[in-house]
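# Structure at a glance
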Amino acid sequence: MSVPSSVFTILLITADSDVQAHFKHTFKDAAITVARDSASVPKDVSKRPFDAVVVESRAGHDDVDTVARYIDPSHTLVITGSRTVLRRSAKMMQLMNQQVGHGANGKARDLSLEGYLESKMGDFVKGMRNGSARNLHPMLISAVERPLIASALRETQGNQIQAAELLGLNRNTLRKKITELHIPLKRSRTRSTHSL
């Protein structure tokens, strides 16, 4: 499993030197790649993951469309707008980065799913131990399994065959778990109604 970088990475595309300076000042510890326009974006950009891509929108330029091929939109914050919007967004991004990337003690936090679960489960186990609880393993597995299955069902619009495939389960096993974990199923609206 790869360890996420603790450095916030930004691709900034703007010709405005004031905006460039503002971002560099705001994100002192961040790795910022600056380009004047999409044509001047470094060739190795596609090999680097960015936490945020910030693009100045200008009439007659399609920098946003060009940049889209360099990023994974499911893992990258994309902000486009005028120079004023970019200046305002810098402060907002800085606050988000501080809240997400650091714990209450100011130390860098692991932002991976495994790190998040370890943190949350650690708190849960500590609380349960203080209460002299037993059988934590089945309790925790059930607590994680229920939202996972519910999320897979939502993602597949309730299609149990697709959800089972997504989860790597047999359809009958999925149906059994839905029953055991009391996961509500949404009924299809295509049912015929009874006439009076």
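Quick look at the structure, then. (Residues numbered from 1 in each chain as written. Predicted model: local features only at pLDDT ≥ 70, side-chain atom pairs only at ≥ 80, totals over all residues. Heavy atoms only, no water.)

## Some words on the pattern of salt bridges
- Using the criterion set out here, one finds 5 salt bridges in the structure.
- Glu56 is the partner of Arg83 in a salt bridge, and the nearest nitrogen-oxygen pair spans 2.8 Å. Here Glu56 lies in strand E3 (residues 52-56) and Arg83 lies in helix H3 (residues 83-101), a separation of 27 residues in the sequence.
- Salt bridges here are not isolated pairs; linked through shared partners, they connect Asp16, Glu56, Arg83 and Arg87. (Salt bridge = Lys/Arg side-chain N within 4 Å of Asp/Glu carboxyl O. Helix = DSSP H or I, 4+ residues; strand = E, 2+ residues; numbered from the N terminus.)

## Concerning the nonpolar core
- Among the nonpolar cores identified, the biggest contains 13 residues, and Phe8, Ile10, Phe23, Phe27, Val54, Leu86 and Met93 are the most heavily contacted of them.
- Breaking this core down by element, the ones donating at least two residues are strand E1 (9-13), helix H1 (17-26), E3 and H3.
- Every residue in contact with Ile10, bar those within four places of it in the chain, is listed here: Phe23, Phe27, Ala30, Ala31, Ile32, Thr33, Phe50, Ala52, Val54 and Met93.
- By size, the runner-up hydrophobic cluster in this structure holds 10 residues, among which are Ala164, Leu174, Ile178 and Leu181. (Core = buried A, V, L, I, M, F, W, Y, C linked by side-chain atoms within 4.5 Å. Buried < 20%, exposed > 50% of the residue type's maximum accessible area, 1.4 Å probe, protein only. Contact = heavy atoms within 4.5 Å.)

## Focus on the environment of Arg58
- Take Arg58: it is sitting in the loop between E3 and helix H2 (63-67).
- Sequence spacing of Arg58 and Arg83 is 25 residues, and the spatial spacing of their C-alpha atoms is 9.3 Å.

## Observations regarding the packing of aromatic side chains
- For the coordinates displayed, the defined rule picks out 1 aromatic pair.
- Arranged with centres 5.8 Å apart and planes meeting at 25°, the rings of Phe23 and Phe27 form a pair that is stacked.
- Take Phe23: its relative accessible area is 0%, and that puts it in the buried class. (Phe/Tyr/Trp six-rings, centres within 6.5 Å; stacked < 30°, edge-to-face > 60°.)

## Details of the packing of helix H5 (residues 136-155) against helix H7 (residues 171-180)
- As a packed pair, H5 and H7 sit with axes 11 Å apart at the nearest point and diverge in direction by 120°. Here H5 is positioned oblique relative to H7, judged by the angle of their axes. Seen along the crossing, H5 lies across H7 with a hand that is left-handed. In contact with Glu145, Ile149 and Leu153 of H5, H7 contributes Leu174, Lys177 and Ile178.
- Of the residues in the contact of H5 with H7, the class split is 4 nonpolar, no polar and 2 charged. (Axes fitted to C-alpha atoms, helices over the stretch in contact; angles between N-to-C directions. Parallel < 35°, antiparallel > 145°, perpendicular 65-115°, else oblique. Left-handed = near helix turned anticlockwise from the far one by under 90°. Nonpolar A, V, L, I, M, F, W, Y, C, P; charged D, E, K, R; others polar.)

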